[in-house]
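Listed below are the residues making up each chain.
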Amino acid sequence: FDYDLVIIGAGVGGHGAALHAVEEGLKTAIIEGDVVGGTCVNRGCVPSKALLAVSGRMRELHDEHHMKSLGLQVSSTGYDRQAVADHANNLASKIRSNLTNSMKAMGVDILTGFGKIVGKQKVRYGKVGFPEKEITAKNIIIATGSVPFVPKGIEIDGKTVFTSDHALKLESVPDWIAIVGSGYIGLEFSDVYTALGSEVTFVEALDQLMPGFDPEIAKLAQRVLINTRKIDYHTGVFASKKITPAKDGKPVLIELIDAKTKEHKETLEVDAALIATGRAPFTSGLGLENINVVTQRGFIPVDERMQVTDADGNVVPNLFCIGDANGKLMLAHAASAQGISVVEQISGRDHILNHLSIPAACFTHPEISMVGLTEPQAREKADNEGFEVSVVKTSFKANTKALAENEGDGIAKMIYRPDTGEILGVHILGLHAADLIHEASNAIALGTRLQELKLAVHAHPTLSEVLDELFKAAKVNSGVSHSVNEPVAA
Ligand SMILES: Cc1cc2nc3c(=O)[nH]c(=O)nc-3n(C[C@H](O)[C@H](O)[C@H](O)COP(=O)(O)OP(=O)(O)OC[C@H]3O[C@@H](n4cnc5c(N)ncnc54)[C@H](O)[C@@H]3O)c2cc1C
Ligand SMILES: NC(=O)c1ccc[n+]([C@@H]2O[C@H](COP(=O)([O-])OP(=O)(O)OC[C@H]3O[C@@H](n4cnc5c(N)ncnc54)[C@H](O)[C@@H]3O)[C@@H](O)[C@H]2O)c1
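Residues numbered from 1 in each chain as written. Chains lettered and ligands numbered in written order. Predicted model: local features only at pLDDT ≥ 70, side-chain atom pairs only at ≥ 80, totals over all residues. Heavy atoms only, no water.

Caption draft 1: How the structure looks around the layout of surface pockets. Approximately 1200 Å³ is the volume found for the second largest pocket. Arg59, Asp63, Arg229, His365 and Glu407 are the residues nearest the centre of the second largest pocket, which is lined by 40 residues in total. Contributing elements (two or more residues each) for the lining of the second largest pocket: helix H3 (45–62), helix H4 (64–69), helix H7 (184–195) and helix H8 (215–226). Here the lining of the second largest pocket takes seven residues from H3, the largest share from any one element. Partitioned by chemical class, the residues of the lining of the second largest pocket number ten nonpolar, 17 polar and 13 charged. (1 Å grid on protein atoms, 1.4 Å probe; cavity = no way out; pocket = protein on both sides within 12 Å on 5 of 7 lines; lining within 4 Å. Points joined across faces, edges and corners; volume = space filled by probe spheres on them. Helix = DSSP H or I, 4+ residues; strand = E, 2+ residues; numbered from the N terminus. Nonpolar A, V, L, I, M, F, W, Y, C, P; charged D, E, K, R; others polar.)

Caption draft 2: Summary view of the side chain of Asp191. Its place among the elements puts Asp191 in helix H7. Residue classification places Asp191 among the buried residues on the basis of a relative accessible area of 0%. When near neighbours in sequence (up to four residues on either side) are disregarded, Asp191 contacts Leu52, Ser55, Arg59, Arg229, Thr364 and His365. (Buried < 20%, exposed > 50% of the residue type's maximum accessible area, 1.4 Å probe, protein only. Contact = heavy atoms within 4.5 Å.)

Caption draft 3: Here's a closer look at the site of ligand 1. Surveying the vicinity of ligand 1 reveals 39 residues, the closest of which are Glu32, Thr39, Lys49, Gly115 and Asp324. In the environment of ligand 1, a nitrogen atom lies 3.4 Å from a nitrogen or oxygen atom belonging to the backbone of Cys45. Leu331 is positioned such that a nitrogen or oxygen atom in its backbone is 3.3 Å from an oxygen atom of ligand 1. Here ligand 1 loses 94% of its free accessible area of 1000 Å² to cover by the protein chains. Those elements giving two or more residues to the shell around ligand 1 turn out to be helix H1 (12–23), strand S2 (28–32), helix H2 (38–43), H3, strand S4 (114–119) and helix H9 (332–346). No other element matches the four residues that H2 contributes to the shell around ligand 1. Of the residues contributing to the shell around ligand 1, the split by class is 17 nonpolar, 16 polar and six charged. (Near = heavy atom within 4 Å. Polar contact = N/O pair within 3.5 Å; in protein donor to acceptor, adjacent residues only side chain to side chain. Areas by Shrake-Rupley, 256 points an atom, 1.4 Å probe, with all protein chains shown as cover.)

Caption draft 4: The pattern of salt bridges, seen in detail. What the rule picks out here adds up to 21 salt bridges. Its salt-bridge partner being Lys159, residue Glu171 comes within 3.4 Å of it at the nearest N-O pair. One end of the pair, Glu171, is in the loop between helix H6 (164–167) and strand S9 (176–180); the other, Lys159, is in the loop between strand S7 (146–148) and strand S8 (161–162), with twelve residues separating them in the sequence. Judged by relative accessible area, Glu171 falls into the partly exposed class, the value being 47%. Here the salt bridges do not stand alone but share partners, grouping Asp214, Glu216, Glu375, Arg379, Lys393 and Lys413 into one network. (Salt bridge = Lys/Arg side-chain N within 4 Å of Asp/Glu carboxyl O.)

Caption draft 5: Representation of the pairing of strand S24 (residues 423–430) in the model. Among the eight residues in S24, eight count as buried, and that is most of the element. Pairing analysis gives six bridges linking strand S21 (residues 367–372) to S24, with the strands arranged antiparallel. Within S24, the position partnered with Met370 by the bridge is His427. A loop of six residues connects strand S23 (residues 411–416) with S24, the two strands running antiparallel in sequence, and Gly421 in this loop sits at a positive phi of about 80°. (Pairing = 2+ DSSP bridges.)

Right, here's the structure in full:
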């Protein structure tokens, strides 16, 4: 073979796999058809977090009451749109070159062009208009990611009707923007746009905003992140029938269709529309037909080890798919963790990633984070498997550090098994929630039980005491003895 491992797609998933592979002594190449870094670095996590850093500061400076309560006076605030956009763009360039340099320094061969599987352990790649090259590899990882999903009937012009790909360039800040979809992207952009002065109207197909979150957290998030801002919303309506860009002085038109009756409800007229209705896998043109693999809604089917399965349900030897392209969990760190897990396996150590231990965070102000099951999911599992669940909550209002920062809005909630002390899920809304979640996700990953976590010591005064309180508040049934290191079932 030319290589021990060839990875198709140099996003964060491919990058994580490549670095681990060379550490393991595998001769590794990565094929990229566009720019290194993929969605996360160029059109996702990185530029969006740069915009959110600006929105957090704008929000703080604008909040006179907050400033006054700290004894501060701010006479005027404002922003330079192009400079904000440059901050996001420069950060993406910097991280992109960090990623490229880290792979070059470690000895990963970066090959340019669109990669395609032409047979068992065989890949062809090349740029349009140039002759293709063929290489062989003992193992292949597909890490081709995803692109914005745009429902039928929506016309994207990139100026007044656009996806996150365009929005991250911040070419304009519309006075009134409709955000279609209230998932992660919709919510984060509502934070950015309202901080920069826009009014936002959410259009959400399901009956409540933020339908993917734990319902109690979603309710509180609505109070803190929606109701106090210049945001209104329509729920239970699809915006897919027709959205037309602004033209000849006419506004953007959005036809709202009742999700249940499918009847036309009303037509919104706004300055712009951001379509944030999910992501579609980027898997066409990969030559999957050459190896009898059929995608499911575009996603590549994999088993729990990320091994690709063929049309007959059999594992295709030496072929793996990680990240957004397999649709298991569309998060950057999940893609990378899946890549590392695959490299562990091909290095001779079996490994199965526990997806229930992978945290997620929405970087609004304040942030929302979560790991494991929501309360309804945990109760359903408990009913099916015949165990009890308990729920405890703590408030940021009782935390000294949060109060010193004047940021008492927030809660942490834990769902757990009182019989074993196993954590089933943790959900946090509050200052630095995205950083706080890792104590819980590591506990789930390592199988640490609450009996042990209750005795861990946290520095005072820190926000991490919010979780300390949560662990201490849990009531694990006495008299039941469990090894604290016993692994938690996935
Ligand atoms: C606006 C936004 C904000 C986000 N924020 C976060 C966040 O804060 N935290 C988080 O965890 N996740 C976030 N995500 C999700 C995250 O970006 C993705 O989960 C992550 O990028 C998936 O990584 P990946 O490696 O699977 O794919 P990608 O990052 O999409 O990379 C795939 C790469 O493969 C290349 N490619 C595709 N086909 C081929 C081919 N045939 N040959 C060669 N190359 C090919 C593509 O050009 C691309 O570079 C965000 C997403 C968006 C859109
Ligand atoms: N901070 C983060 O980790 C982060 C940030 C951004 C994106 N992401 C990832 O990117 C992916 C895509 O994010 P997203 O927000 O686009 O998707 P999402 O799946 O989180 O949310 C999409 C929302 O759009 C709604 N919807 C779908 N079609 C609709 C229609 N026609 N009309 C009205 N509403 C409609 C859905 O009900 C859902 O609430 C997510 O899977 C997420 O994991 C992560």
